[in-house]
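# Chains, contacts and geometry: an overview
Below, each chain spelled out in residue letters.
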Amino acid sequence: MKKILVTGGAGYIGSHTIIELVKSGYFPIIIDNLCNSSINNIHGIEKIIGKEFRWHNIDCTDKLKMQKIFLEECDIEAVIHFAAYKSVEESVNKPKKYHDNNVGSLNVVLECMKDKNIQNIIFSSSCTVYGMPDILPVEESAPFKKAESPYGETKQICEKILLSNPCNSISLRYFNPIGSYSSALIGDCSADKASNLVPIITETVIGRRKEITVFGDDYNTSDGTCIRDYIHVVDLAKSHVSALEFILNQSGKHVFNIGTGNGVSVLEAIKTFEKANNLKVNYSIGKRRSGDIEKIYADTKLAKQKLDWEPKKTLKDAMISAWNWEKMKE
Ligand code: NAD
Ligand code: WQD
């Protein structure tokens, strides 16, 4: 069984990826200090896979501790590096915290890989590197625009670091991951206050918020609200298995968009949630949110061609699973 080291594997996307790795016959080992997740996700993974697995509670920016793990864990074939802070809002107030953790952890991982002659890394990047693209759907070759936030800047810096490092790398640029595993045993356990659309919808419906404000309906889109590319987290998780199979057989530097290719407006997302779960979402139209991109969705041709990966789940599936996760958290 091929051993894969997964930093941030207890987090939202990481935990779903661990399940897919195990299902595909890999042997994942997690490094996560739970700074933005919960032990519940570790227990959830164990329940789903039906066995214990190796997990190191370590900060990825701690070079000495990381070197020790890399020494202990022999024959690692590749690293999947999820560990990072992800709150756009917090990054505006604490840019150094974001730079130190997001860029710092990648640098430590790369140094440890070099020491142990590990060649392959898959990196969690984001569509945020594109800013507001000139052409839609956005292709991987589109230029980086000025980052909208210090968080976005860390993703741009990390991708550049990978290009200048001798290792084989794949940067996966995720669009908007939503939903959860069908059993709702794992999910987003962020300590951050929810700021993404779907968790805010579910928090509103469960009664933790009075209503959701739709940030602007005067954009140049079909119904005036912003367009995004929402992808089911299970499909996103599977893209890592495809990326792994690719990088273990092909050297070099690669970048792939991981989205559905479908642009969905905020109002369409709310209506899909309502219909999928037979529930009403209390919303009102408010002002635009500063820094919001009007529309962005992925060109997914490259991932389909090279990784033989494409999303299988619908927006409705994602909305049902998002609601199941919210109820499970209660
Ligand atoms: P998450 O916060 O749920 O997961 C990140 C995990 O990394 C957490 O479990 C956290 O405890 C851990 N971690 C953070 N810093 C660490 C450190 N220094 N040492 C050890 N563990 C550490 O976030 P997520 O949504 O699962 O995102 C995973 C990756 O994907 C991140 O790099 C994020 O920037 C990127 N990404 C996320 C989204 C999204 O909308 N969720 C979109 C694009 C890209
Ligand atoms: C989606 C749409 C909002 C909340 C974030 C990060 C980005 C990347 C993806 C990590 C927008 C609207 C939202 C609300 C609303 N993540 N909305 N009312 O804007 O694509 O970006 O996730 O890399 O870096 O910034 O996602 O979920 O915040 O918003 O109307 O209460 O929902 O305006 O149009 P976004 P989001």
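For the structure given in this document, a descriptive report is provided here. Bear in mind the structure is a predicted one, so any value in this text is a computation, not a measurement.

## Quick look at the overall build of the chain
- The secondary structure content of the chain amounts to eleven helices and 13 strands.
- The C-alpha atoms of the chain give 19 Å as radius of gyration, which agrees with the globular expectation for 330 residues (20 Å, within 12%).
- Across its three principal axes, the chain shows a C-alpha extent of roughly 55 × 40 × 40 Å.
- Summing over all exposed atoms, the chain offers an accessible surface of approximately 14,900 Å²; the carbon and sulfur share of this is 49%.
- Each charge class in the chain was averaged separately, 42 positive and 41 negative side chains, and the resulting centres sit 1 Å apart.

## Things to note about the pattern of salt bridges
- Going through the model one piece at a time under the given rule, you end up with 24 salt bridges.
- Note that Glu274 is salt-bridged to Lys280, the shortest N-O span being 3.2 Å.
- Residue classification places Lys280 among the exposed positions, given a relative accessible area of 65%.
- Linking Glu294 and Lys295 is a salt bridge whose minimum nitrogen-to-oxygen distance equals 3.6 Å.
- Looking at Lys295, the relative accessible area reads 21%, which means it is partly exposed.
- Three or more residues joined by partner-sharing salt bridges are found here, namely Glu203, Arg208, Arg209, Glu326 and Lys329.

## With respect to the site of ligand 2
- If you check the shell around ligand 2, you find 19 residues, and the closest are Ser126, Tyr151, Thr213, Arg228 and Asp292.
- In this structure, a nitrogen atom belonging to ligand 2 sits 2.8 Å away from a main-chain N or O atom of Thr213.
- One nitrogen or oxygen atom from the side chain of Asp292 is found 2.5 Å from an oxygen atom belonging to ligand 2.
- Here ligand 2, which alone exposes 690 Å², has 87% of that area covered by the protein.
- Going through the elements one at a time, α7 (197-206) and β8 (212-215) are the ones with two or more residues in the shell around ligand 2.
- Counted by class, the shell around ligand 2 contains ten nonpolar, six polar and three charged residues.

## Focus on the site of ligand 1
- Ligand 1 sits among 27 residues. The nearest are Ile13, Asp32, Phe82, Asn101 and Tyr151.
- Here Asp32 contributes a side-chain N or O atom positioned 2.6 Å from an oxygen atom of ligand 1.
- One nitrogen or oxygen atom from the side chain of Asn101 is found 2.6 Å from a nitrogen atom belonging to ligand 1.
- In the complex, 96% of the free accessible area of ligand 1, which totals 810 Å², lies under the protein chains.

## A closer look at the environment of Tyr26
- Here Tyr26 is to be found in the loop between α1 (12-23) and β2 (27-31).
- Taking relative accessible area as the criterion, Tyr26 reaches 8% and is therefore assigned buried.
- With sequence-adjacent residues up to four places away left out, Tyr26 is seen in contact with Met1, Lys2, Ile4, Leu21, Val241, Leu244, Glu245 and Leu248.

## Remarks on the nonpolar core
- Leu172, Leu244 and Ile258 are the most contacted members of the largest nonpolar core, which has 39 residues in total.
- Going through the elements one at a time, β1 (3-7), α1, α2 (39-49), β4 (76-81), β6 (168-174), α8 (233-247), β11 (253-258) and α10 (301-307) are the ones with two or more residues in this core.
- Per-element tally for this core: the top contributor is α8, with eight residues.
- Leaving out residues up to four positions away in the same chain, Leu172 has contacts with Ile122, Phe123, Ser124, Ser125, Ser126, Ser239, His240, Ala243, Phe256, Ile258 and Leu307.

## Details of helix α9 (residues 266-277)
- Here α9 is twelve residues long and its end C-alpha atoms lie 17 Å apart, about the 16 Å a rise of 1.5 Å per residue gives.
- Those residues of α9 lying buried are Val266, Leu267, Ala269, Ile270, Phe273, Glu274, Ala276 and Asn277.
- Tucked inside the fold, the buried residues of α9 contact α7, β8, β10 (230-232), β12 (264-265), β13 (283-286) and α11 (315-329).
- In the segment just after α9, Asn278 is the residue with positive phi, at about 55 degrees.

Analysis parameters
Residues numbered from 1 in each chain as written. Chains lettered and ligands numbered in written order. Predicted model: local features only at pLDDT ≥ 70, side-chain atom pairs only at ≥ 80, totals over all residues. Heavy atoms only, no water. Helix = DSSP H or I, 4+ residues; strand = E, 2+ residues; numbered from the N terminus. Rg over C-alpha atoms; globule rule 2.2 N^0.38 Å. Areas by Shrake-Rupley, 256 points an atom, 1.4 Å probe, with all protein chains shown as cover. Lys, Arg positive; Asp, Glu negative; His and termini not counted. Charge placed at Lys NZ, Arg CZ, Asp CG, Glu CD. Salt bridge = Lys/Arg side-chain N within 4 Å of Asp/Glu carboxyl O. Buried < 20%, exposed > 50% of the residue type's maximum accessible area, 1.4 Å probe, protein only. Near = heavy atom within 4 Å. Polar contact = N/O pair within 3.5 Å; in protein donor to acceptor, adjacent residues only side chain to side chain. Nonpolar A, V, L, I, M, F, W, Y, C, P; charged D, E, K, R; others polar. Contact = heavy atoms within 4.5 Å. Core = buried A, V, L, I, M, F, W, Y, C linked by side-chain atoms within 4.5 Å. Expected span 1.5 Å × (residues − 1).

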